[in-house]
Amino acid sequence: MSISLALTEQTEIAADVAVDVERAKYPQYGRYLDELDPGQVFEHPRGFTFDTTNMLDFARTYMQTNPLYLNSEYATEHGFTSLLASPQMVFNVVLSLGVQNDSEKAIANLGYYQVQFLRPVYAGDTLRAYTRVLERKDRGADKPGIARIRTVGVNQRDEVVLQYERKIMVAWRGDRRPTTPAPAFTGTFPGDDAPTLSLPLKATQYGSGLTGPNTYFEDFNVGDIIVHANGRTITEEHLTQTYLVGNSHPLHFDRVYSSGLSGKMSGDPIVYGGLVFAWLDGLASRDVTEHAVWELGFTEGYHTQPAIAGDTVAAITRILKLEDAPGAADYGVVTMQLIGVKNISAAAALEKHGADLFIKEDSKRGLGMDKISDKIFEIERRLLIKRRVR
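An account of the accompanying structure is given in this report. (Residues numbered from 1 in each chain as written. Predicted model: local features only at pLDDT ≥ 70, side-chain atom pairs only at ≥ 80, totals over all residues. Heavy atoms only, no water.)

**Concerning the environment of Leu127**
Next, step 1: Positionally, Leu127 belongs in strand β4 (residues 126-137).
Next, step 2: Assessed through its relative accessible area of 0%, Leu127 is described here as buried.
Next, step 3: Separated by 191 residues in the primary sequence, Leu127 and Arg318 place their C-alpha atoms 33 Å from one another.
Next, step 4: Look past the residues within four positions of Leu127 in its chain and what remains in contact with it is Gly47, Phe48, Phe50, Val90, Val94, Leu97, Val121, Val154, Asn155 and Val161. (Helix = DSSP H or I, 4+ residues; strand = E, 2+ residues; numbered from the N terminus. Buried < 20%, exposed > 50% of the residue type's maximum accessible area, 1.4 Å probe, protein only. Contact = heavy atoms within 4.5 Å.)

**Brief notes about the packing of helix α3 (residues 87-102) against helix α6 (residues 273-288)**
Next, step 1: Between α3 and α6, the least distance of the axes is 10 Å, while the angle of their chain directions is 175°. Taken together, α3 and α6 sit at an angle that is classed as roughly antiparallel. Every residue of α6 that contacts α3 at Gln88, Phe91 and Asn92 is listed here: Gly274, Leu275, Phe277, Ala278 and Asp281.
Next, step 2: Here the residues of the contact of α3 with α6 sort into four nonpolar, three polar and one charged. (Axes fitted to C-alpha atoms, helices over the stretch in contact; angles between N-to-C directions. Parallel < 35°, antiparallel > 145°, perpendicular 65-115°, else oblique. Nonpolar A, V, L, I, M, F, W, Y, C, P; charged D, E, K, R; others polar.)

**What to know about a nonpolar patch on the surface**
Next, step 1: Side chains of Met1, Ile3, Leu5 and Leu7 sit close together on the surface and give an oily, nonpolar patch of about 640 Å² of accessible area.
Next, step 2: Look at Leu7 and you get exposed, because its relative accessible area is 79%. (Patch = residues over 30% accessible without salt bridge, like charges linked within 9 Å, V, L, I, M, F, W, Y side chains within 5 Å. Areas by Shrake-Rupley, 256 points an atom, 1.4 Å probe, with all protein chains shown as cover. Salt bridge = Lys/Arg side-chain N within 4 Å of Asp/Glu carboxyl O.)

**A word on the layout of surface pockets**
Next, step 1: Quantified by volume, the largest pocket comes out at close to 1400 Å³.
Next, step 2: If you trace the largest pocket, you find 50 residues lining it, with Ile107, Ala108, Asn109, Leu251 and Met265 closest to the centre.
Next, step 3: The set of elements that each furnish at least two residues to the lining of the largest pocket consists of α3, β3 (106-117), β6 (160-170), α6, β9 (292-303) and β12 (375-386).
Next, step 4: When its residues are assigned to classes, the lining of the largest pocket shows 27 nonpolar, twelve polar and eleven charged.
Next, step 5: Estimated volume of the second largest pocket: approximately 550 Å³.
Next, step 6: In terms of lining residues, the second largest pocket is bounded by 26 residues, among which Leu197, Leu296, Gly297, Val333 and Arg382 are the most central.
Next, step 7: Residue assignment for the lining of the second largest pocket shows that the elements contributing at least two residues are β3, β9, β10 (312-324), β11 (331-342) and β12.
Next, step 8: Taken together, the residues of the lining of the second largest pocket break down into 14 nonpolar, seven polar and five charged. (1 Å grid on protein atoms, 1.4 Å probe; cavity = no way out; pocket = protein on both sides within 12 Å on 5 of 7 lines; lining within 4 Å. Points joined across faces, edges and corners; volume = space filled by probe spheres on them.)

**Let's talk about the packing of helix α1 (residues 52-61) against α3**
Packed helices, taken two at a time, are described by the angle between their axes plus the distance between the axes.
Next, step 1: The geometry of α1 relative to α3 is characterised by a closest axis approach of 9 Å and an angle of 105° between their N-to-C directions. With respect to each other, α1 and α3 are oriented roughly perpendicular. Where α1 approaches α3, its residues Asn54, Met55 and Phe58 are matched on the opposing element by Gln88, Met89 and Asn92.
Next, step 2: A class-by-class count of the residues in the contact of α1 with α3 yields three nonpolar, three polar and no charged.

**Observations concerning the pairing of β6**
Next, step 1: The element β6 is largely enclosed, with a buried count of nine among its eleven residues.
Next, step 2: Sheet topology note: the β3/β6 ladder contains eight bridges and is antiparallel. Of the residues in β6, the one forming a bridge with Tyr113 is Glu165.
Next, step 3: Sheet topology note: the strand β5 (residues 145-154)/β6 ladder contains ten bridges and is antiparallel. Bridging from a neighbouring strand, Ala147 pairs with Ile168 of β6.
Next, step 4: The hairpin turn running from β5 into β6, its antiparallel successor, is five residues long, and Asp158 in that turn takes a positive phi close to 65°. (Pairing = 2+ DSSP bridges.)

**Points about the packing of aromatic side chains**
Next, step 1: For the coordinates displayed, the defined rule picks out 16 aromatic pairs.
Next, step 2: Relative to Tyr302, the ring of Tyr113 lies with its centre 5.9 Å away and its plane at 75°, an arrangement referred to as edge-to-face. Of this pair, Tyr113 sits in strand β3 while Tyr302 sits in strand β9; the two residues are 189 residues apart in sequence, bridging distant segments of the chain. One exposure class covers both Tyr113 and Tyr302, and it is buried. (Phe/Tyr/Trp six-rings, centres within 6.5 Å; stacked < 30°, edge-to-face > 60°.)

**Some words on empty space enclosed by the protein**
Next, step 1: This model, assessed by the stated rule, comprises two cavities of 30 Å³ or more.
Next, step 2: In this structure, the largest cavity encloses a volume near 100 Å³.
Next, step 3: Lining of the largest cavity is provided by 14 residues; of these, Ala85, Ser86, Pro87, Phe117 and Trp294 occupy positions nearest its centre.
Next, step 4: Elements with a minimum of two residues in the lining of the largest cavity: α3 and β9.
Next, step 5: For the lining of the largest cavity, the element with the highest residue contribution is β9, accounting for three residues.
Next, step 6: Of the residues assigned to the lining of the largest cavity, the class counts are eleven nonpolar, one polar and two charged.
Next, step 7: If you add up the space inside the second largest cavity, you get close to 60 Å³.
Next, step 8: Lining the second largest cavity are Gln64, Asn66, Tyr69, Pro87, Asp281, Thr289, Ala292, Glu295, Arg381 and Leu383.

**A word on the nonpolar core**
Next, step 1: Formed by 70 residues in total, the largest nonpolar core has its most connected members in Phe50, Val90, Phe91 and Leu162.
Next, step 2: Counting residues per element, this core draws most heavily on α6, which supplies nine residues.
Next, step 3: Ignoring anything within four residues of it in the chain, the contact list for Phe91 reads Tyr112, Val115, Phe117, Leu162, Tyr164, Phe277 and Phe298. (Core = buried A, V, L, I, M, F, W, Y, C linked by side-chain atoms within 4.5 Å.)

**Remarks on helix α4 (residues 237-244)**
Next, step 1: Buried residues of α4: His238, Gln241 and Thr242, and no others. Looking straight down α4, one finds that the buried residues subtend no more than 105° of arc, so they occupy a single side. Pointing more than 90 degrees away from the buried face of α4 are the exposed residues Thr240 and Leu244.
Next, step 2: Contacts made by the buried residues of α4 are with α1 and α6.
Next, step 3: Following α4 by one or two positions, Gly246 adopts a phi angle in the positive range, close to 95°. (Arc of directions from axis to C-beta.)

Following this line, the structure appears as structure tokens:
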């Protein structure tokens, strides 16, 4: 169907329409704790179409060095259809698609769990996201509670490309305005509790000179600690970067909102944690992931301190486990711990804190230890990494 409208000259009418402030509306988004019911499902608005430009911009902004995300010929020679969207971009987009429904009222993101990347994302793919509320933990009427949610991202063919869980801290609504109701979801919630990963990989010697010599599977040993040389100073660029991936939480771009909060979150907008993670991943990439062909996933991810514009972040990686990849003799699986610090070099942080850097911050009270104020992030990752050609 097409329409045809004859356009007339527009006349000014605002002065002729009476103002009635009693008719003001105040739309609110996100959900308070009492608006997050276990079993509830949200189909998130908008969706996100990936294109070569935004994929390359993301990979370069966050300092990725794996050619799969930078070099289309390298990607196709390794079996993929074309240039890959980086896992960090896919994760940040899918998470951000859900913020308007599930976490725009959240006080804090408490953790990422069982994140799994199940299919490649290419230019031209459009992702949509769904979230199910799994659990709501009440900590008392005068205290924020905790909601555990599961989010799934699907492509235009309804194939699952990413699924994960996270926990968010959310206050009760109290006497605040209710949020805008989300449309009722009547479909089937996507996702797979026992997924099988199928990748179009092709063993090749192509492009060996495009990557560093020390990041094949054989170069890693359990217990290795890799201190990444460079840091990255975050500027107010993060305000724009937050909305480029679609995150709508005002804490990350609205100074009036952030300065009106109480406690350590009050002041300048807080850098959206997904971007901090992406920068740390990028800082580590040339030392650990240049020969990775797939990010299998990550878990137990925690933002232990906030970052703001002007902070400089740095990264350290510790190798936790090496495994053969069943049915894929040309690859191995490496599990690693990624640690982020701020306003101190990675080398200085390791010298200052030693093994304490690698102990989960939430475990330290029970161990009679102090938390590390320099430390901002911790997570465990699993990657499928090429072996050297035999």
